[in-house]
Every structure is written in structure tokens, then in C-alpha cells.
Protein chains: 6
Amino acid sequence: MEESYKSIKIEGKTPNSRVIYLYLNRPSQRNALSREFFTEFPKALSSLDQNPNVNVIVLSGTGDHFCSGIDLKTLSSVTDHSTSTDSGRFSEKFRRDIRFLQDAVTAIERCRKPVIASIRGACIGGGVDIVTACDIRFCSKDAFFSVKEVDLAITADLGTLQRLPAIVGYGNAMELALTGRRFWGLEAKELGLVSRVFGSSYELDQGVRLVAEGIAEKSPLAVTGTKAVLLRSRELTVEQGLDYVATWNSGMLLSDDLKEAMSSNIQKRKPVFAKL
Amino acid sequence: MEESYKSIKIEGKTPNSRVIYLYLNRPSQRNALSREFFTEFPKALSSLDQNPNVNVIVLSGTGDHFCSGIDLKTLSSVTDHSTSTDSGRFSEKFRRDIRFLQDAVTAIERCRKPVIASIRGACIGGGVDIVTACDIRFCSKDAFFSVKEVDLAITADLGTLQRLPAIVGYGNAMELALTGRRFWGLEAKELGLVSRVFGSSYELDQGVRLVAEGIAEKSPLAVTGTKAVLLRSRELTVEQGLDYVATWNSGMLLSDDLKEAMSSNIQKRKPVFAKL
Amino acid sequence: MEESYKSIKIEGKTPNSRVIYLYLNRPSQRNALSREFFTEFPKALSSLDQNPNVNVIVLSGTGDHFCSGIDLKTLSSVTDHSTSTDSGRFSEKFRRDIRFLQDAVTAIERCRKPVIASIRGACIGGGVDIVTACDIRFCSKDAFFSVKEVDLAITADLGTLQRLPAIVGYGNAMELALTGRRFWGLEAKELGLVSRVFGSSYELDQGVRLVAEGIAEKSPLAVTGTKAVLLRSRELTVEQGLDYVATWNSGMLLSDDLKEAMSSNIQKRKPVFAKL
Amino acid sequence: MEESYKSIKIEGKTPNSRVIYLYLNRPSQRNALSREFFTEFPKALSSLDQNPNVNVIVLSGTGDHFCSGIDLKTLSSVTDHSTSTDSGRFSEKFRRDIRFLQDAVTAIERCRKPVIASIRGACIGGGVDIVTACDIRFCSKDAFFSVKEVDLAITADLGTLQRLPAIVGYGNAMELALTGRRFWGLEAKELGLVSRVFGSSYELDQGVRLVAEGIAEKSPLAVTGTKAVLLRSRELTVEQGLDYVATWNSGMLLSDDLKEAMSSNIQKRKPVFAKL
Amino acid sequence: MEESYKSIKIEGKTPNSRVIYLYLNRPSQRNALSREFFTEFPKALSSLDQNPNVNVIVLSGTGDHFCSGIDLKTLSSVTDHSTSTDSGRFSEKFRRDIRFLQDAVTAIERCRKPVIASIRGACIGGGVDIVTACDIRFCSKDAFFSVKEVDLAITADLGTLQRLPAIVGYGNAMELALTGRRFWGLEAKELGLVSRVFGSSYELDQGVRLVAEGIAEKSPLAVTGTKAVLLRSRELTVEQGLDYVATWNSGMLLSDDLKEAMSSNIQKRKPVFAKL
Amino acid sequence: MEESYKSIKIEGKTPNSRVIYLYLNRPSQRNALSREFFTEFPKALSSLDQNPNVNVIVLSGTGDHFCSGIDLKTLSSVTDHSTSTDSGRFSEKFRRDIRFLQDAVTAIERCRKPVIASIRGACIGGGVDIVTACDIRFCSKDAFFSVKEVDLAITADLGTLQRLPAIVGYGNAMELALTGRRFWGLEAKELGLVSRVFGSSYELDQGVRLVAEGIAEKSPLAVTGTKAVLLRSRELTVEQGLDYVATWNSGMLLSDDLKEAMSSNIQKRKPVFAKL
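Residues numbered from 1 in each chain as written. Chains lettered and ligands numbered in written order. Predicted model: local features only at pLDDT ≥ 70, side-chain atom pairs only at ≥ 80, totals over all residues.

**Details of the overall build of chain A**
In terms of helices and strands, chain A carries 11 helices and nine strands. Relative to the 2.2 N^0.38 estimate, which gives 19 Å for 276 residues, the radius of gyration of chain A is 20 Å and therefore close to what a compact globule would have. Principal-axis analysis of the C-alpha atoms places the extent of chain A at approximately 70 × 40 × 40 Å. In chain A, which comprises 276 residues, the proportion classed as buried is 62%. Counting contacts in chain A only where the partners sit at least 6 residues apart, residues at least 24 apart contribute 72% of the total. (Helix = DSSP H or I, 4+ residues; strand = E, 2+ residues; numbered from the N terminus. Rg over C-alpha atoms; globule rule 2.2 N^0.38 Å. Buried ≥ 20, exposed ≤ 12 C-beta atoms within 10 Å, placed from the backbone. Contact = placed C-beta atoms within 7 Å.)

**A short note on the pairing of strand β4 (residues 115–119) of chain E**
All names here are of chain E. Of all five residues that make up β4, five are buried, and the element is covered over most of its length. Across the two faces of β4 the burial is the same, with Val115, Ala117 and Ile119 and Ile116 and Ser118 all buried. Sheet analysis places strand β3 (residues 56–61) next to β4, joined by three bridges and oriented parallel. Bridging across to β4, Leu59 finds its partner in Ala117. Pairing of β4 with strand β6 (residues 136–140), which is carried by four bridges, proceeds in the parallel orientation. Each bridged residue has a counterpart across the sheet, and for Ile119 the counterpart in β6 is Cys139. (Pairing = 2+ DSSP bridges.)

**Here we look at the domain arrangement of chain A**
In terms of domains, chain A is made up of domain 1 (8–216) and domain 2 (220–266). Listed as interface residues are eight residues of domain 1 of chain A and, on the opposing side, seven residues of domain 2 of chain A. (Domains from an automatic or database assignment.)

**Some remarks on the relation of the copies chain C and chain A**
With an RMSD of 0.0 Å, chain C superimposes on chain A once it is rotated by 120 degrees and translated 0.0 Å along the axis. Given the turn and translation reported, the copies of this chain are related as if by a three-fold rotation axis. Of the C-alpha atoms belonging to chain C, the one lying closest to the rotation axis is found on C:Gly169, 4.1 Å away. Little of the interface of chain C is mirrored in chain A: 2% of its interface residues are interface residues there too. (Least-squares fit on C-alpha atoms with pLDDT ≥ 70 in both.)

**Topic: the packing of helix α3 (residues 87–110) of chain F against helix α4 (residues 126–133) of chain F**
Residues and elements named next belong to chain F. Packing of α3 against α4 leaves a shortest axis separation of 8 Å and a crossing angle of 20 degrees. By the angle between their directions, the pair α3 and α4 is classed as roughly parallel. α3 and α4 meet at a crossing whose hand is right-handed. Taking contact as the criterion, the partners of Val105, Thr106, Ile108 and Glu109 in α3 are, on α4, Asp129, Ile130 and Ala133. Within the contact of α3 with α4, the residues separate by chemical class into four nonpolar, one polar and two charged. (Axes fitted to C-alpha atoms, helices over the stretch in contact; angles between N-to-C directions. Parallel < 35°, antiparallel > 145°, perpendicular 65-115°, else oblique. Left-handed = near helix turned anticlockwise from the far one by under 90°. Nonpolar A, V, L, I, M, F, W, Y, C, P; charged D, E, K, R; others polar.)

**Overview of the nonpolar core**
A:Ile116, B:Ile116, C:Ile116, D:Ile116, E:Ile116 and F:Ile116 are the most contacted members of the largest nonpolar core, which has 604 residues in total. Excluding residues that lie within four positions of it along the chain, D:Ile116 makes contacts with D:Val56, D:Val58, D:Leu59, D:Cys134, D:Asp135, D:Ile136, D:Phe138, D:Val208, D:Val211 and D:Ala212. (Core = buried A, V, L, I, M, F, W, Y, C linked by C-beta atoms within 7 Å.)

**Here's the deal with the pairing of strand β2 (residues 19–24) of chain B**
All names here are of chain B. Within β2, six of the six residues are buried, which leaves it mostly tucked inside the rest of the structure. Across five bridges, strand β1 (residues 8–12) lies against β2 in antiparallel orientation. If you follow Gly12 over to β2, its bridge partner there is Ile20. The hairpin turn running from β1 into β2, its antiparallel successor, is six residues long, and Asn16 in that turn takes a positive phi close to 70 degrees. In the sheet, β2 pairs with strand β3 (residues 56–61) via six bridges, with the strands oriented parallel. What sits directly across from Val19, in β3, is Val56.

**A few points about the interface of chain C and chain A**
Of the residues lining the interface, 44 residues belong to chain C; the matching set on chain A comes to 32 residues. Of all the secondary-structure elements, those providing two or more residues to the side of chain C that touches chain A are β6 (136–140), α5 (160–168), α8 (201–216), α9 (220–233), α10 (238–252) and α11 (256–266) of chain C. The dominant element in the side of chain C that touches chain A, judged by the number of residues it contributes, is α10(C), at 11 residues. Among the residues making up the side of chain C that touches chain A, the classes are represented as 23 nonpolar, 15 polar and six charged.

**Details of the interface of chain D and chain E**
With 44 residues of chain D at the interface, the matching set in chain E holds 32 residues. Only β6 (136–140), α5 (160–168), α8 (201–216), α9 (220–233), α10 (238–252) and α11 (256–266) of chain D provide two or more residues apiece to the side of chain D that touches chain E. Ranked by residues supplied to the side of chain D that touches chain E, first place goes to α10(D) with 11 residues. Partitioning the side of chain D that touches chain E into residue classes produces 23 nonpolar, 15 polar and six charged.

**So, the sheet that holds strand β5 (residues 122–124) of chain A**
All names here are of chain A. The strand order β5-β7-β8 describes an open sheet built from three strands, whose pairing is mixed. Whereas interior strands pair on both sides, the edge strands pair on one side only; in this sheet they are β5 and β8 (183–184). Note: β5 against strand β7 (residues 144–146), three bridges, orientation parallel. The residue bridging Cys123 from the neighbouring strand is Phe145, located in β7.

**Focus on the relation of the copies chain D and chain E**
Mapping chain D onto chain E calls for a screw motion: a turn of 120 degrees about the axis and a shift of 0.0 Å along it, with 0.0 Å RMSD after fitting. When you check the interface residues of chain D against chain E, a mere 2% turn up at the interface there too, and the two sides of the contact use different surfaces.

**Structural notes on the packing of helix α10 (residues 238–252) of chain B against helix α10 (residues 238–252) of chain F**
For the pair α10(B) and α10(F), interaxial distance at closest approach is 7 Å and the crossing angle is 30 degrees. Judged by the inter-axis angle, α10(B) sits roughly parallel to α10(F). Helix-helix and strand crossings are classified by hand; for α10(B) and α10(F) the assignment is left-handed. Between α10(B), through B:Tyr244, B:Thr247, B:Trp248, B:Ser250 and B:Gly251, and α10(F), the contact on the second element is made entirely by F:Tyr244, F:Thr247, F:Trp248, F:Ser250 and F:Gly251.

**Digging into the sheet that holds strand β7 (residues 144–146) of chain E**
Each strand in a sheet pairs with its neighbour through backbone hydrogen bonds, running either in the same direction (parallel) or in the opposite one (antiparallel). Residues and elements named next belong to chain E. On the basis of which strands lie adjacent, the open sheet formed by three strands has the order β5-β7-β8 and mixed pairing. Taken across any chain shown, the strands that pair with only one partner, and hence form the sheet edges, are β5 (122–124) and β8 (183–184). Against the sheet, helix α4 (residues 126–133) engages β5 and β7, with an angle of about 90 degrees to β5.

**Brief notes about helix α6 (residues 170–179) of chain C**
For α6(C), a buried count of 10 out of 10 residues is recorded, marking the element as mostly surrounded by other parts of the structure. Within the span of α6(C), buried status applies to C:Tyr170, C:Gly171, C:Asn172, C:Ala173, C:Met174, C:Glu175, C:Leu176, C:Ala177, C:Leu178 and C:Thr179. Where α6(C) is buried, its residues touch β6 (136–140), α5 (160–168), α8 (201–216) and α9 (220–233) of chain B together with α5 and α7 (185–191) of chain C.

**Describing the environment of C:Ala107**
Residue and element names in this part refer to chain C. With respect to the helices and strands, the residue Ala107 is situated in helix α3 (residues 87–110). Since 19 C-beta atoms lie within 10 Å of it, Ala107 is described here as partly exposed. Sequence separation of Ala107 and Val223 is 116 residues, and the distance between their C-alpha atoms is 18 Å. Apart from residues no more than four positions distant in its own chain, Ala107 is found in contact with Phe41, Pro42, Leu45 and Ser46.

**Examining helix α1 (residues 35–50) of chain B**
All names here are of chain B. In a regular helix each residue adds 1.5 Å, so 16 residues correspond to 22 Å; α1 covers 24 Å between its end C-alpha atoms and thus fits that length. Every buried residue belonging to α1 is among Phe37, Phe38, Phe41, Ala44, Leu45 and Leu48, and all of these are buried. Buried residues along α1 cover an arc of 145 degrees about the axis, so they all sit on one side. Contacts from the buried residues of α1 go to β1, β2, β3 and α3 (87–110). (Expected span 1.5 Å × (residues − 1). Arc of directions from axis to C-beta.)

**A short note on the confidence of the model for chain A**
The share of residues in chain A with pLDDT of 70 or more is 97%, and the mean pLDDT across the chain is 95. ipTM for the predicted complex: 0.96, alongside a pTM of 0.97. (pLDDT = per-residue confidence, 0-100.)

**Let's talk about the environment of D:Ser233**
Tracing the backbone shows D:Ser233 in helix α9. With 11 residues separating them in the primary sequence, D:Ser233 and D:Tyr244 have C-alpha atoms 8.0 Å apart. Here D:Ser233 is in contact with D:Gly241, D:Tyr244, E:Leu161 and E:Gln162, once residues within four sequence places are set aside.

**A short note on unusual backbone geometry**
Unusually for a residue other than glycine, A:Arg30 sits at a positive phi of about 50 degrees. Positionally, A:Arg30 belongs in the loop between β2 (19–24) and α1 (35–50).

Pasting the structure below:
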């Protein structure tokens, strides 16, 4: 489908399905994030966002792991001091470079359509940055997680420190970020990091597919509206958020989808919604 | 007690108790929210707020269910396009209408006194909007919940998207709102949506009554102060919230209630507090 | 070590360890918080913050309890009306007094280094204010907690109402603050108030020590950076927080610690970091 | 027109005009704000907001002055200590009373339609609270203003301290509020408190009428949209405000008014817009 | 220089100067903003931002006017209803379209380097959106401005309502946006919309060039740092802004530019700074 | 009075006056800010804040100038790289150092009592940081100002970029900070940076004294309340600010000062207020 990427892979699985599968695709490096990834990933998400045949994106890794974090080569390239001999200019450039990397992760939020993380094996460092930006997270029991940056003497800077507290609570986020300790699927569920944990990789695939297809069959207007309003409300007061959603719905609630939802409901049949 | 309402019912249960019971009262429609509800509910809460004999409000539904969401008739009336032929004017009016509906739910927060949701059976769509605005939530094991709006092709706009993330975490809120899936009492407890889950409807009633009476016997100054400060601090930084509560207590901490609490403590007797 | 304090005690346990132990030290009063505490505690934390030999602070109580809350004498002194006959001036002074008490608790956040609360026995009222300001919380199974202020007819004003919701969720925080009910270690873990609960006091000590030593051996730059960025991001939008951490790392990521972390990683040895 | 009020007066002046005149109407007390005012004023504004024949509201005072501030009787009633012997309960009630008074002033912002303050003579204390909540302010040269509260030993609490800084700058607001000094029309213009200053009372009336009629003939959708978006954007970041107005216009930009504006533009005639 | 654009033009004027001139370039339409503009403008700014030879950008219009606002054709294309027959889908698409247009204006803020607006003749509607996003604004006496959208029955949605209040005060912004009235250079200066007003077009050119060259010769690190910090601080509290700039300078203050500034100062010579 | 300081001087001028004069006191260096200043200044302000005999503080410079900015020696000491060979550790320490310097300026806001800046001669760089933190600013016609940091290749980091925009508008602040240009008293008045400009140094002294004495004779409760509420409201929404001031006044409005203000008003005599 579409372009060819090096660090990622895009795949449809079922004909006529509006679910698309996006893979981190460097299995020999446990899907470590390469320099290329940070260019290709936002490009792919933007293209899927535009694609009217896609309603839901499943993000996972090829091979046994989700993602082992940022590639050490990439890290080295970022921190290579030789690009500038002036420490002020170096910092200025370095800051922009981090902003660029962050931006690739935030592309998940810029995509209007839900991104579901399907996690097996390692989800380490940059992997956690990525999944915390996803909309739904499922994992298998043997998935393991670590906010690993502190062990590389780094203050995590690709989003975990900003997004994790709202997901697992501020106290848990602090503990995980300060210790960098490894935790497995069941604890991830207890913490609220994932919504469901599956007994095996196979069950994970089945479970994710079911949920993804389920969402893909719902009104794309309501699904993208729900994502957009939740994201924006995250940073507004309740009163501002209520105003925002009322304003949103003043133009978007009335739609063919609403009519279809209502009539299919009365007719006890499955609704069919137009593409977005 | 007081006025007569059509969509709700207000009831004292124990003489001299400062706990009042407010019921969604359309059991034949599983307490679906009618147009009348949105007028009567805030009116009732405002009147209970003024009533010095009331310290705590228990909100539940008559019959087997808490609330099945917004009435389809109400929804249709809101979305009736014929009120205006100009799409701009329609949107403007529609926005105000949504704001009006939202306002009825927010009345729970405007009420200074704690509102405890006691949930059995269905708590769907608009029902979730209502309970997320309550101060405490208890349910029976067989209570079931669904952020159902997405299945009606609607971006939920009565408060769930604004209030649920702070209660169950942002990740869980997104998953529940995108899938609209049904979940039961025990999971509601795990998610933090309810504080306690009871084995049966009877036990729920007993449990709620006990807690409600317990709070009703506490200092109403401290109870309403706690609610007010928690609500306001939700949207302030920690430093701003600390300043706010210090300012609050500079005028309100010293009171007859404080003296009564201290002397009853020394005298090992139950304190008795004046009405507010 | 250093100064002598009356209400607290500071102790190193292992030679060459960068973990220091700070005790609430009025065991006969179950470590109730005296007037002196509010002066000594921030002073001690500030001094430990400056001390290059200290990387991590463990906060606990001597004797069987963590803290039974604010001393009734202190409370009386604060609320003593006789200091002013003018109610306006009294409120003004009283407000400043509360701000002063709050400030002692916030000293935990001002300290750049992680503060780990190790909780056994009672953690009541002011004790909860203190632990919610700590970075990590561990407890034993028999630890018990209560947001007790409401039972003293007081709106809690030393930080619990500001910090607890982000830790246990807004709904749980409201329920705990309105009921003032007691809950034990296991529930504290479920709620997310503590990260781990241990079977006994002895195991708690061992567990805390292990984690504290683990963090103390990590890069102090990364550890203090993580704490600082999490604290600041708590009140910023995700976008503002991302900008903040990129700016932070533009000057602080490149360090001897990063080099040491990388080379020790390659050499498969334990890294050794310089003092901060 | 409509109800009869004691403290205010509502008047149309020109047949078919969509401008309505609302007067503070206690000229013998220089339009001091009575207890009644705080009930009648928001009621009147709400009713004008509903009235489709009204597009613009001009607010002024009967007689030679705009408003001399809050009535001393009202102030005394508010501060009457005898209503409660408990200082905590008194503060709680007093706070609600101030909130009630504030709410009457904020009614100006709740009204979707522009409120133009036309100021001659005194505009003192509560008068300044009122005009800072208005959308446009014009005055005559001999109008005089004073943030007078400080001279009554009061911290101004009806809105001036919240709204004035955004209008005249933070530095000017502080100086005016700390000194309580009197300043006249020309300085009010220099400070940005009024948009225009007129040589005489007569010219003020003419000037206000002209501007009010001008706005009343514009698209009521665009006029109320502009007010709403400016008000909300005041408390949002630029990015949040941009999102808000895009969402607003997604439903409200396309309208009969837009068509009428465009076609009248092409036809070089005055547009005529339907009522809102 | 670089690419060829249709709606804009880029021009260097003085060899070795680090000032570049960017023109709105449709003089026959008084530089009305075409569909192409919204693609070309951000592209040009991004490219100038990357260009190490450019330190300062001057933005003006070819011909006698700065900008007469959005092209009516562009407006029509945006509001063309035929692209979708579903009103919900139309609103969703329309909202994205507005966001896209807004984004082109915000490109001025994304550009690290100062953008100076040099305004002669008309600056209407979209022109005001553009200049309020610029860093410095100068105009000639005969420049005229109008927040014109309200006269097209539109709530201005490209940034004026978000940025103007911080520049001219909230009261002035409301008056200008509700009346849409025309005002000239001298009033623009009084309002704070422009920093300086020049007697003629020629003097404007000279004045702008002088200031632009002056800034272009300063340390590019300090200049871009000042812009970045002012922009970010606009939406932070003072305390958050202080923290931000301290963090910024921790990595960027120490630089070759600082050394050069200091030594040139001692040596009483003009400093020469490296490119950024 | 009190302690002896090296970089500053404290002086009462009139017996029984509650106005105190605080001088930057290194006239031979045009009151450049030395390392000592940053310790002594906050200490002095804190002590004056505690002193019940002081109601108002006038801040000015000895000799012909207000302040020529930060001492180059201080700057060098701050930026001395030799304190650490690790660039990460250097940045961490440097950041704290800037925070320490900022804190000395913010001490003006922490002081409950109004601080009036009386400015003659130079007010450059750090001088602007200081006066923007003051509550009222007056100057003589020949005072001159410059946000000079950009010419030292520095992004101003002691508060100007955070506080100036709210005082002179965002547009003017950007222009002044990017150009670093010098401007005089009359323009400072036009910009809103000072509230009044006086023809001579002598008139400035007289004018400042008059205003300072005027404020010093007002109710200290109302004066400090006004400062506190304006400061806090600066970072709250209007609704949050209204809630804050209502809460503030619920405890502090009723006071002996209010009674004295009212009775003196009736008795047509000057009120006399107790110390705070």
C-alpha cells in the first residue's frame, strides 16, 4: 500500500476492512527507532489520516517485540557535538532536534483516527513514548515495559513524562520514571497503562482485531470527534471543555451518520456509515 | 417534600436525617432523560442546596436501573432542523441548546452539598454524564455502564469527555469512549469510576445510607468546603490551589464546628453541628 | 550529621551510600507535627538538597507510626484568636500562617532529589499531606491512612486536596476526603497512593532500601531532571511540557553521565556517576 | 417595554431600531447600586438577550451621572454580622453573597449581544466594575472615574481587579486601584479604558447612537460570534483560541447572513439581516 | 532567491545584509490573499528560517497596499457547500480547512527569526490577521486598518481575535472587531498596534530598513531566544515563564556571541556574530 | 534603620510616616547590580514586609541614575565556566543560579506592601527587570530605559520578558526587547510603562512622596489585599479571579478598617487605620 518505507510497514489484512496495520519494522534490532523512523512515521500517519478508506490504525512491531527504544546510533547522531563548536549554538540546534523527534511521536495525536497500540515483548524507552501517545493500548501477558531513559543518564524527552501521568496517575509515573524498572503486562493493566491484557500473542492479535474492526464500523464522524474532543479537553478546564464540545457538535452532530444510527437502531440492523 | 416534579422525585427517608434522596423517576423508560428532566433537575438541586435541613443528597433511579441515557424524543427535539432554515442560525441555536443541557448536569457541581450516586442496573450515555459529575459513586455488582454516544454517531457532549479522564485516567476514558463497550460494577471499581461495589441492590442501599448519614453528621462547613476546594483545585496549579485553600480557610476554618469537633473529641462524644 | 533537630532526625545508614534517612521523630506522639517541625523540616530538606553526598532521601517515622497528623497544640496556636481583635487582621495573619505551614510541605518538591516515603502504622491528616508531596510512596500492609481533617471540622489545607487527585484519581480523592475513612496498605496500593505494599515492617525497610540505593546509583543529573520535569509538566499542557523538556535537555542531556552510561553499557559494567 | 423595574429602566428610542437603551435609574442617588439592582439587572439582560428584536444594548445612567458605586445601605446589608453568630458560617454566607453580586455584573458577558457603556459624570467603584464588563465604552469629556474601593478599606471584589488589567494594562490597573485617584474622560481614552471621548453629553449621545445603530445593522450572527470568541479566547492560549474559532465557524460561518453580505456587496446595497 | 512563488516575492536588497524582504505580490488585487498564498507563504517562511544567511525578515506588500484581506474567490472555495452533501461531514472538512488557513498565518510565529511588518495603504481583514502575528509593526501615516470580517458577516477566524487583545488591549480589540471601523496610522500607533508611524512611504522604507539591519547585526542567538521566550511566556504564568527562560539560558546563554559582545564592548568596536 | 547593607540603603524621611525609602546604593557604578545586591535586596524587602511601621516602599537609586543593569563582574561570576568541567552539571548549576537571581527580583512581588519605583536617569537591563516587578512606576522626563540584554547577546532572563508585555502590550514589549533601543520618560508614559512622568528630579521626588504618603494613609488591609488579588488574578481566568477575591473578602472585608472608613466618611474626617 502506498509508499515504501524502510523503518515501518503498512498493511491491510482484510479486504474492505477500514482497519490498517502499521508496523515498526526493524525486527533484527527489536524495532529500535532509527533516524529514518522519525521521518517516515509522521509521513505515514499523515497519509493514513488523509486516506478515506482507513478508519482505524493498529500500531505494532514485527517480530517478537514492540520497540526497544531509540537506536543508539540515532542517539549518537543527535548528541554529536562536532556539528558546532559554539556551545550556545549547539544547544539551540540540539533543542530543535529534540523538538523534531518529539514531533514524530505527536503525529499520533495529530492523526484524527484512533491509533491502537498492540504490544508484545519489549516496550522500552522510546517505545513507551510512542504508546503513551496512542489512543488505546492492549498487550500480551509477556509484554514488558520500562521507562528506561534514566538508566542512560537521560531525562526522558519524547513525551512519556508529559503523557504517562494522566494515564497511570502522577505517583505511579514518578515511580516508574525514577526507577526505570521493568514491569509486565498484568501490572500494566493494573496501572491503567493498557486497557486489556491477553494471554498470548495470538489472543492479542485476535482481540485487537475485534476491537479495531468494531471501532472501524462506527460513525467515523463520532469516532474522530471523540478523539479530538478528549485530546483538547485534556488541557482545558471542565467549563472550557464543555463549551468546546458544544461548539463542536453545533456543526457536526447533525449528520447522515446520526440518521443512519437512528434508523438502523429502529430497524434493528447494523448501521453502515459513509467514509470520512 | 417541596414542589412536585414529573421526571424526578425527592424523598426523605428517616426523620431528622439530613440525607435526602433524589430519584430519576421514569422507571418505565429506565429513567431516560426527558426534556423536563433538564429543567427540573437543576431546580431541585438548587432548592436542596438552599435547604438547611439537607446536608447530603443521594441520587439514584426508581426501578431497576439508574438511567438509560437521553430520551430519543429529547434528542430529536434538540436536533430538529425545522426550527430554522438558516444553517448558521441553526448551529447557533443548537449550541445554546447543548449548553442548556450541559448546565443541568453541572448543577450537581454547583450544589455545595455532596451528591452521592447510587447506581444499579443500566447507567448508559447521559447516565454516565450525570454520575461523573457526582461527588461519590457507589454501585451494585450488576450495574452496567456504557459511554454509548459513539454508537448513536454522537460525540458525547454532556460532560463525560471532560470529567471521566480525571476519574478513571485518560487512557481508560479514551478506550471506553471509543468502544462504547459495556462494563459491570466490578470493573467500574477497578477503573476507579465507583468507590465501592456492593453484592446486591439491598446491600448497595444499606451501604450508601451508611456513608451518606456519616457525611451528613460531619461539619457541613468542612464538608462543603472540601467539595468546593477540590472542585476549584481541579483546574488550578498546585501552588494556586494551595493559595486558594489558605484564603478559604482564613475566613472559614475558625468556626463553632471546629470548637465542637475539638471539645467532642476531648469529651469522647459524638459531635453535633449546627445547620448550614 | 549536620545540625541537631528536635522534631526530626537525619541518619545515614551505610557508609558511602548516597541514601539518607530523614525521620519524623516524636514517637511518643506518633510523630504528630509540632510547630518546630514546620521550621525544621524545610531547613533539613534544603540542607540535604545542597549536600553533594546525598542523592536520595527516605522519609519515615521513628516508632510504629509514620505520622498522626498535625499536633493539636500547633493547631490551637494557629487558630488562637487572641493575637488580634480585628477579624480582618486576624484572617490576614491566619492566611499567612497557613501559607507558612503549606510551605514546609512543599519543601519536599523544592528539593531536587527524590524523597521516598516509607510508611508504616498511622498516616493521618497532615501525614497524608506530606506523603502526597513525596515522589515515591511505599508502605507496609498494616499501614493505615485517613484524610482525617473533615472529622476535625476542617477543610484540609496543607496540600492533600491539591495533590491527591492526580495520584489516586479525582473520584477516589473526593470520596476519601469527604468520608475521612480509614484504609489500609493493600487498598492504598489499589488506589495508586503507594507503588508497593510490603508484608511487614522489616520487608518494607529492605524494599525501600533497595529501591533507594538503586536510584542513588543512577545519574543524579537524570534523576533530578526527571523529578523537575515531571513536577513542572504537571501544570503545563502536553505541548508546553514537550517544549520545556526539550529546552531542559538542550543544555543538560550532554554530560559526563551520558558518556559514562554509554561506555559502562558497552563495557557491561556498573556505571559510576560523579556527585551533583 | 416588558417588565417594570425599580432600579433600572429599559427604553427603545427609534421605531424599528434594534438598539435598546438600558438605564441605571436612581438619579437622585447618582445611580448608586441598590440591592434591587443586583436582581433586576441580570434579569433584564437575560430578557434582552432572548429578545429577537434587540441586537445591541446601550447602558447608561439617567441624570447627570453614570453610577456612583454600590449603595452604602446595600454594602451594610451585605456586611451585617448579625445574620450569623458563627464566624465560619458568616464567612461562608458572605462569600456566597459576594458571588451573587459579582454574578449580576458578569450578566453583561453572559448576554450574547454587545453592551455599549455610555458614560457621563461619575463612574465610581461599582460603576467601574460594570463598565469593565461591557464590550465597548464611550464617555464624555467630563466623565470621571475612580477605582474607589480602597478608600472604603475594601479590596474591590466585583470584577475591576480581574477585568481592568486586560483593558488598560497591568501597570495602570495597579496604580489606579492602589491610589483610587479620580481621572477624567481624556485620560480614560489615553489609558484605553474608553474607545472614544466626546466633547459634550449631547455629542456622546449622538456618537453612541451612531455606533450602536451601525453594529445593530450588521449580521447578528457575526456580531455575537465575535463577542463570544473574544471572551473565550481571553482565557485560552493562542493555539487553543484558534482551534476554538475554527470549530465555531465550522458550523456558523455558512449562513444566510454570509450570502446576504456577499450579494449586497456585489449589488452595492446595504445588507439586511434576519433576526437572531 | 530560491524558488519562484506566485503570490509572494522574496528579495534581498543589500549585498551581505542578513535582512530579507518578503512581499505579498498581487498588487493588482491589492495583495488579496489567494489560495496559493496559504501554501506558499508558510513554505517561504520555513525556508527563510533554515537559511543561515537570513537574520531578519521584512514583510510588506508590492504596490500601494499591504493587503486587502482574503480573496473572495478563496473564501468562496472554502465555503463551497457542494463538496459534501452531509452537513456533519461538511463542517468537519470546513473546520480542517480553516485550521489550514490559520496555520499559514501562524507560520510567522514558527519562524525563529523576527518578522517585521512594513505597512502602507490598506491592511484589511486577513491583513490584520497577518500583521498581528508579526513581531514588529511599522506603518506610514496613510496606512489604514480594518478588522473587516464582521462586515462580511464573518467571525474573524485567522488569528486577529486571538492576538489583537494582547497588542492593543482587550477593550480596544473588542471595539475594533465589533465596529469593523477604519483607522489610520496615527491611531494605530496610539493603540499600540504599530510601534512607529512614518510620514511617508519613503520614510517608512528607510525606517524599517534601519531597524531591520540593526537587529540583523545583533547576536542571532539572543534575537531568536528573545522571540521564542516572549512567545512562550505569553501563555505561561510569570513563575512558569521565569523557569522557562532560566532553563533556556542554562544551555544557550554561554556562547561565542556572549564573548564577542563582551570583548567588542571592551574594545569599543562593533561586534560581529556568526550565522545561526 | 535595621541592618547595614552594602548595595542598598534604607531610609525613613518623615517621622511617623509609614513610607520607607529603599535605595540602590552604588552611585559610582550607576547602581549596577552586584552579587551582594541579590542577597541583600530580598532580605531587606522581607524585613520591611514584616515591619508594622511600614506601609509603602519607595524604590529608587542614589545619585543621578536608577540602575545601569547587572554588574559585569556579577555576570562573569555567573557565567564562569571553570566551576564545572561537565557541561551538563554546569548547565544544571547555571540554571539554579539564574533562578536565584530571578528570585531576588520577585521578592518585590512577595512583599505584601506596594513598592513604588521612582526612576531618574538610566534604567537599563536589570533595572527594567526590577521596575517591571514594582507595583507603581513614576519617572522624570530625563529618565531613559533600555531592554539592553540583546546587545550583550543575552536573552533577558530576570523577568522583563515575563512582566513587560502585560504592562506595555505584547507588541511594544517585543519591539523594545528585539531592538534594545533607548526611550525616554515621555515615551515610557505613552507606552504605559510609567503612570506619570515629572518635569524634573525634584518634582519627581515631590510627586512620589505625595502618592506614597497617600497610599500609606489608606487601610493597609485594603492596600495589601488589592496588590495580592491583582497579582494572583494576573494568572487566573476572570471567573477564577472572581471566586478568589470573593473568598479573600469573605474573611478579610469585615474589619476595623471598614468601620473606620465608614465612620470617618460620615464624620467627614480623615480615617486613621491601625498597623498591619
